[in-house]
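Observations on the three-dimensional arrangement
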Amino acid sequence: MSDIVTGDFNYGSVDADTAAKLEYFAKSGKALIRKSQIQFIADFGKILSEAKELLSHSKTGTFVKWATAEFDIGHSTVYNYVNAWEKHLSNGWKDYLNWTQTALYLASSDDLPKPVMKKLAAMASTDMVRQSDVKRVIEAHKPKPEPALPVRESLEFSDDLDADGDAVWSTPVEDEDDTPEPVQVTPEKPEASIMLDSLGRQIPKNLRSASELAIQLVATGRELDKFRKLAKDYLEQPGGDWLRMQDISDCIKVLKDHFQQAAYHTACLKCSGKGCKVCEMTGWIPDYLKGTL
């Protein structure tokens, strides 16, 4: 018997044959809902886009005023549909059946670089693309910050003028003696780098190990993609005919989500990392509880 639990329904409450059929019906129904949603976004986005073009020479704000009045939707919703149609769905909405609405809206809000869209398209070919996936790929594509330049000796403004009458900048001196005195330099102990979490908050020292493990957890989740590719290769070989690729992809998705959602998100706001009932004495909040902050 299946041990899958969805909401209040436990598949283990029915026999194995019935559970298998119900799971198939559920997947088929969800696919149909996604198809209906994406097709609706495409059709409605096209209508709004054509209306926007028609009113392009009218007074600024006329299009939004018309759309919000006729369809009782907000300004941002109007442009969610318009951008989704103009930037993606006009080239073929069926390519986006594995995208959630929020993921599609986010990917349409800005002109994403081609490598980002290519990565998301590859992801959609085997799995669902969610808003969190879009955010993660966008973040990974951002250029790494340049290392900070070393601090140079400060300059002081002098009262002297050069031959052209311009002010002279000079380094500060301690005294008027021209003979340089030996200076003994004591190596300074480098300060510990400040580590910030995804909210921009400083990570307490006692929680840095947890935050470092979070990187490994997310990386391990990504490694699971190799198993999906391996299963797909097996499927195409003699003897792999009975592999259920969709079930394998679903299981891998669950595992990836578990690794990512169990990772460090931020120090507990209640105890600031000391440990309390809210964070179950760990001192920190995992990714899957970030919505409770």
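Being a predicted model, the structure only gives us computed values, none of them experimental.

The next thing to look at is the packing of aromatic side chains. For any pair of aromatic rings, the description rests on two quantities: the centre-to-centre distance and the angle between the ring planes. Under the counting rule described, the total for this entry stands at twelve aromatic pairs. Look at F44 and F71: their rings are 4.9 Å apart centre to centre, the planes differ by 85 degrees, and that puts the pair in the edge-to-face class. A residue pair is termed long-range when its members are at least 10 positions apart, and F44 in helix α1 (residues 16-54) and F71 in helix α2 (residues 62-71) qualify at 27 residues. The exposure class of F71 is partly exposed, given its relative accessible area of 33%.

With that settled, consider helix α4 (residues 101-109). Turning to α4, its buried residues are A103, L104, Y105, A107 and S108. Of the surrounding elements, those touching the buried residues of α4 are α1, α3 (75-87) and α6 (131-141).

It is worth spelling out the packing of helix α5 (residues 114-124) against α6 at this point. Axis separation between α5 and α6 bottoms out at 10 Å; the angle between their running directions is 140 degrees. The interaxial crossing formed by α5 with α6 has right-handed handedness. Here α5 contributes P115, V116, K119, L120 and M123 to the contact with α6, which in turn contributes D133, V134, R136, V137, I138 and H141.

By the definition in use, this model includes one cavity of 30 Å³ or more. Within this model, the largest cavity holds a volume of roughly 90 Å³. Every residue along the wall of the largest cavity is listed here: D133, R136, L217, V218, G221, R222, K253, K256, D257, F259 and Q260. Secondary structure elements with two or more residues in the lining of the largest cavity: α6, α7 (208-235) and α8 (245-261). Of all the elements, α8 adds the most residues to the lining of the largest cavity, at five residues.

The next point concerns the packing of α2 against α3. Two elements in contact, α2 and α3, have axes whose closest approach is 9 Å; the angle formed by their N-to-C orientations is 100 degrees. With respect to α3, the element α2 is oriented roughly perpendicular. Mapping the contact onto sequence places F63, V64, A67 and T68 in α2 and H75, V78, Y79 and V82 in α3. Of the residues belonging to the contact of α2 with α3, the class tally is six nonpolar, two polar and no charged.

Let us look at the pattern of salt bridges. Under the counting rule described, the total for this entry stands at twelve salt bridges. With a shortest N-O distance of 3.7 Å, D133 and K253 are connected by a salt bridge. Of this pair, D133 sits in helix α6 while K253 sits in helix α8, and the two are 120 residues apart along the sequence. Given the relative accessible area of 10%, K253 is considered buried. Between D233 and K229 there is a salt bridge, with its nearest N and O atoms 3.6 Å apart. In this pair, D233 and K229 are both assigned in helix α7, four residues apart and thus about one turn of the helix distant. Overlapping salt bridges bring together K27, R244, D247 and D250 as one network.

Here the focus is the nonpolar core. Within the largest apolar cluster, 31 residues are counted, with the highest numbers of intra-cluster contacts made by L89, W99 and L120. Of all the secondary-structure elements, those providing two or more residues to this core are α1, α2, α3, α4, α5 and α6. Here the element with the most residues in this core is α1; it accounts for six residues. Discounting residues that sit within four places of it in the chain, W99 has contacts with I38, L104, A107, M117, L120, A124, M128, V129 and V134. Residues I203, Y264, A267 and W284 belong to the second largest nonpolar core, which totals eight residues.

Parameters and conventions
- Residues numbered from 1 in each chain as written.
- Predicted model: local features only at pLDDT ≥ 70, side-chain atom pairs only at ≥ 80, totals over all residues.
- Heavy atoms only, no water.
- Phe/Tyr/Trp six-rings, centres within 6.5 Å; stacked < 30°, edge-to-face > 60°.
- Helix = DSSP H or I, 4+ residues; strand = E, 2+ residues; numbered from the N terminus.
- Buried < 20%, exposed > 50% of the residue type's maximum accessible area, 1.4 Å probe, protein only.
- Contact = heavy atoms within 4.5 Å.
- Axes fitted to C-alpha atoms, helices over the stretch in contact; angles between N-to-C directions.
- Left-handed = near helix turned anticlockwise from the far one by under 90°.
- 1 Å grid on protein atoms, 1.4 Å probe; cavity = no way out; pocket = protein on both sides within 12 Å on 5 of 7 lines; lining within 4 Å.
- Points joined across faces, edges and corners; volume = space filled by probe spheres on them.
- Parallel < 35°, antiparallel > 145°, perpendicular 65-115°, else oblique.
- Nonpolar A, V, L, I, M, F, W, Y, C, P; charged D, E, K, R; others polar.
- Salt bridge = Lys/Arg side-chain N within 4 Å of Asp/Glu carboxyl O.
- Core = buried A, V, L, I, M, F, W, Y, C linked by side-chain atoms within 4.5 Å.

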